[in-house]
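# Observations on chain architecture
Here are the chains, one letter per residue:
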Amino acid sequence: MNLIHTRPISGTHVVAIPYPGRGHINPMMNLCKLLASRKHDLLITFVITEEWFGFIGSYTKPDNIHFASIPNVLPSELVRGADFPGFYEAVMTKMEAPFEELLDTLELPATAIIADTELKWAICMGNRRNFRVASLCTTSANFFSVLHSMVLTENWRFLIDTLDNGSELAEHSSGISPDIRMIFEGSTRQVIQLTLECISWVPKAKYVLFTSVYELEGHAIDTLKARFNIPIYTVGPAIPYFELHGNSSETMVQNVPSYLQWLDIHPPFSVLYVSLGSFLSVSNDQMDEIAAGLQDSGVPYLWVARGETSRLMEKGSEMGLVVPWCDQLKVLCHSSVGGFLTHCGWNSILEAIYAGIPMLTFPILFDQAPNSQQIVDDWKIGWRLKEEQKDGSLVTRASIAELVRSFIDPENNEVKNMRKSASELKEKCRKAVAENGSSQRNLDAFIKDISQGHDGMLID
C-alpha cells in the first residue's frame, strides 16, 4: 500500500476514489483540482490502484493533492475489455477492503469521501462508519435520471430478467422502452444488475455531484432534486479548462506538439477531429470503412486512434494525420477544427461544448446512444453518422464521405445553424465556470458543507 504522509495543513481532508477507468479517473482528478483551487488549505488524498499509480503518478497536480494506492486487486487495465463483466464484478467486490484499510492509516482522518457513483460499496461503507460520502456521477444527469427512473419502477428486477432473456421478450414487454433496450444492448445480466444497484444506492449518499453544467441539463437536475432529499451539485464541466491558458512550456514555439503545428497550417473550421474513445471501440472492418470514408471526403482530419494508430497510418492518407494521443481540449479549441467525430463519451461531449464544436455522433454502447440523442435532438449541435442499425451492418465509406463533406462545408446552412447553437452552449458553459457562475457557486457550497466544524484542527 502506497501512501504519501505529509503534515496536514487543515482539518478538512477529502478522500477521493474514482472508478478505475480513464473516463472516470480524469473527471475525478479535474474535480479535485477545482476543489483544491477554491480552498488552498484543503487536503485531498486521491486513491487509485498501484497499476493506475504507475500510469498517472508522475502527472502534475497541486501540492494539496496527494496520491495513495491500494493493491492491484483487479484485472489489469490493459485487458479489462476482454472480460468486462468479470472486471466490473471485481470492482464491486475487491476494492472495498483495501480502501477501508487505507482509511485507517490516514494521519488526518477523512472529513468526507468523494466516490464514483459506480462504487456502490463506498456509500454503504461510509454510512456504516459515519463518513460523509459524496457520489460523483461521471455520466450526464439526463442518463442518470433514466437509470434512476428504472430503479424507481417496482418491477425493476423483472426488467433485468426481461433484458437478459433476449430481444424478442424485451421487444414485447410494455415495461421496457426502446431507450432502455438501447442502453443495455449487449450487456450481461450481471452488468445490468450491478449498474442499477449502484444507482439505487446514490440517494443514500450525503451529496450527489454531477460533472455536468446546470445550464445544459437544468430539467434533468430539477427532476432529480425533486426526487432526492440530499444536496445535488452540478460542478462541471470536470474537464481541464483551467489548464488551457497556463504558463506551460508548450507555449514556447519549439515545444508545440507536431499535431498542433499541423492544425496551424489549416484554415478556420476546416479540419474534422476524430476520436472514438479510450476503452470500447469499433470493429476493424468498421474502422477501415471510417478511414476510407474520411480519405474519400477530401476533408482534412486529425484522428486519435490509440491502439489502431500504426494500422491506420499504413493505409495512408494525404488528407489526414493519425496520432496515438493528443491534448483533446486544446485540439477542440484550435481555430482550424470545425467538427468532432465522437463515440459520445460524456467527457468528450463536455469538451466539445466548452470549445463550441458541432459533433458527428458514432455511439457504441451504454450511455453513448442517449448522449447522441441529446446532441442531435435536444441541443441540435450535431448529426448522426451512425443510425441505430439492428442488423449490425457497417456504416459505409460512401455515406461517411458524403456526410463529412456536408458537415465541414462552410456554405451549408444547417451546419451554420448548428455552429450557432454550439456557440450559444459554449457561452453558457463558460459563464457557469466564471466567478459567481453556477458551477463555481456549487463548488463553494459543497466545500462549505464538508468543511463545517473541521477547519482549524491542526495535527502536530
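First things first, this report covers the structure right here in the doc. All of these numbers come straight from a predicted model, not from anything done at the bench.

Along its length, the protein carries 20 helices and 14 strands. Expressed as a percentage of the 460 residues in the protein, the buried residues total 55%. Residue pairs in contact within the protein that sit at least 24 positions apart in sequence constitute 69% of those at least 6 positions apart. For the protein, the exposed surface amounts to about 19,600 Å²; the carbon and sulfur share of it is 51%.

Let us look at the pattern of salt bridges. Applying the stated criterion to the full structure yields 13 salt bridges. Residue Lys-120 pairs with Glu-197 through a salt bridge whose shortest N-O separation is 2.7 Å. Within this pair, whereas Lys-120 is found in helix H5 (residues 120-129), its partner Glu-197 is found in helix H10 (residues 189-201), the two being separated by 77 residues in sequence. In terms of burial, Lys-120 and Glu-197 fall into one category: buried. The partner of Lys-420 in a salt bridge is Glu-424, with the nearest N and O atoms 3.2 Å apart. On the criterion of helical spacing, the pair formed by Lys-420 and Glu-424 is a turn pair, its members being four residues apart in helix H19 (residues 413-433). Classification of Lys-420 by relative accessible area gives exposed; the value is 52%. Members of the salt-bridge network, linked through shared partners, are Glu-96, Glu-100, Asp-104, Arg-128 and Arg-129.

Pairing between the strands of a sheet comes from backbone hydrogen bonds, and it takes one of two forms, parallel or antiparallel. Taken together, the six strands give an open sheet; going across it, the order is S11-S10-S9-S12-S13-S14, and neighbouring strands pair in parallel fashion. Here the strands that pair on one side only, and so sit at the sheet edges, are strand S11 (320-323) and strand S14 (382-384). Recorded for the sheet is a direction-independent mean angle of 20° between the axes of neighbouring strands. In this structure, strand S9 (residues 271-275) lies alongside strand S12 (residues 337-342), joined through five bridges in parallel fashion. By the bridge assignment, Val-274 is partnered in S12 with Leu-341.

Once that is clear, we can look at the environment of Arg-430. Considering the arrangement of structural elements, one finds Arg-430 in helix H19. As for Arg-430 and Ala-355, which are separated by 75 residues in sequence, their C-alpha atoms are 9.4 Å apart. In contact with Arg-430, not counting residues within four places along its chain, are Cys-333, Tyr-354 and Ala-355.

A word on the side chain of Asp-367. Its location among the elements puts Asp-367 in the loop between strand S13 (359-361) and helix H17 (368-378). Buried and without a salt bridge, Asp-367 has Arg-80 as its closest oppositely charged side chain, separated by 12 Å. Leaving out residues up to four positions away in the same chain, Asp-367 has contacts with Thr-139, Phe-143 and Trp-346.

With that settled, consider unusual backbone geometry. Residues Gly-236 and Pro-237 are joined by a peptide bond in cis, for which omega reads 5°. Here the phi dihedral of Lys-380 falls at roughly 55°; this positive angle occurs in a residue that is not glycine.

Taken as a whole and assessed by the stated rule, the structure comprises 18 aromatic pairs. For the ring pair Tyr-301 and Trp-303, a centre distance of 6.4 Å and an interplane angle of 70° mean the geometry is edge-to-face. We classify Tyr-301 as buried; its relative accessible area is 4%. Linked through ring pairs, Tyr-19, Phe-84, Phe-87 and Tyr-88 together constitute an aromatic cluster. Cation over ring: Arg-80 sits above Phe-87, and NZ or CZ is 5.4 Å from the ring centre.

Glancing now at the pairing of strand S10 (residues 301-304). Here S10 shows no split at all, with Tyr-301 and Trp-303 on one side and Leu-302 and Val-304 on the other all buried. One ladder, built from four bridges, connects S9 with S10; its direction is parallel. Across the sheet, the residue bridging to Ser-275 is Val-304, located in S10.

Turning to H19, a few remarks are in order. An α-helical turn contains 3.6 residues, so any two residues separated by three or four positions project in the same direction. Taking 1.5 Å per residue as the helical rise, H19 with its 21 residues ought to reach 30 Å, and the 31 Å between its terminal C-alpha atoms agrees with that figure. Listed as buried for H19 are Val-415, Met-418, Arg-419, Ala-422, Leu-425, Cys-429, Ala-432 and Val-433. The buried residues of H19 occupy an angular sector of 135° when projected down its axis, which confines them to one face. Along H19, the residues that are exposed and aim more than 90 degrees away from the buried face are Asn-413, Asn-417, Lys-420 and Lys-431. The inward-facing, buried residues of H19 abut S12, helix H16 (346-355), S14, helix H18 (397-408) and helix H20 (438-451).

A separate point is the pairing of strand S4 (residues 65-70). Of all six residues that make up S4, six are buried, and the element is covered over most of its length. Judged by which residues are buried, S4 turns out to be covered on both faces: Ile-65, Phe-67 and Ser-69 on one side and His-66, Ala-68 and Ile-70 on the other are all buried. Bridging between strand S3 (residues 43-49) and S4 involves six bridges; their strand directions are parallel. Its bridge partner lying in S4, Val-47 is registered against Ala-68. Regarding the hand of the β-α-β motif, the stretch spanning S3, helix H2 (residues 50-56) and S4 is right-handed.

Moving on: the packing of H16 against H19. Packing of H16 against H19 leaves a shortest axis separation of 6 Å and a crossing angle of 100°. On the basis of their axis angle, the class for H16 and H19 is roughly perpendicular. When H16 is examined against H19, the residues Ile-353, Tyr-354 and Ala-355 are found in contact with a partner set consisting of Ala-422, Leu-425, Lys-426, Cys-429, Arg-430 and Val-433. Residue classes in the contact of H16 with H19 are distributed as seven nonpolar, no polar and two charged.

About the cut-offs
Residues numbered from 1 in each chain as written. Predicted model: local features only at pLDDT ≥ 70, side-chain atom pairs only at ≥ 80, totals over all residues. Heavy atoms only, no water. Helix = DSSP H or I, 4+ residues; strand = E, 2+ residues; numbered from the N terminus. Buried < 20%, exposed > 50% of the residue type's maximum accessible area, 1.4 Å probe, protein only. Contact = heavy atoms within 4.5 Å. Areas by Shrake-Rupley, 256 points an atom, 1.4 Å probe, with all protein chains shown as cover. Salt bridge = Lys/Arg side-chain N within 4 Å of Asp/Glu carboxyl O. Pairing = 2+ DSSP bridges. Axes fitted to C-alpha atoms, helices over the stretch in contact; angles between N-to-C directions. Lys, Arg positive; Asp, Glu negative; His and termini not counted. Phe/Tyr/Trp six-rings, centres within 6.5 Å; stacked < 30°, edge-to-face > 60°. Lys NZ or Arg CZ within 6 Å of the ring centre and 35° of its normal. Expected span 1.5 Å × (residues − 1). Arc of directions from axis to C-beta. Right-handed = clockwise from strand over helix to strand, strands pointing away. Parallel < 35°, antiparallel > 145°, perpendicular 65-115°, else oblique. Nonpolar A, V, L, I, M, F, W, Y, C, P; charged D, E, K, R; others polar.

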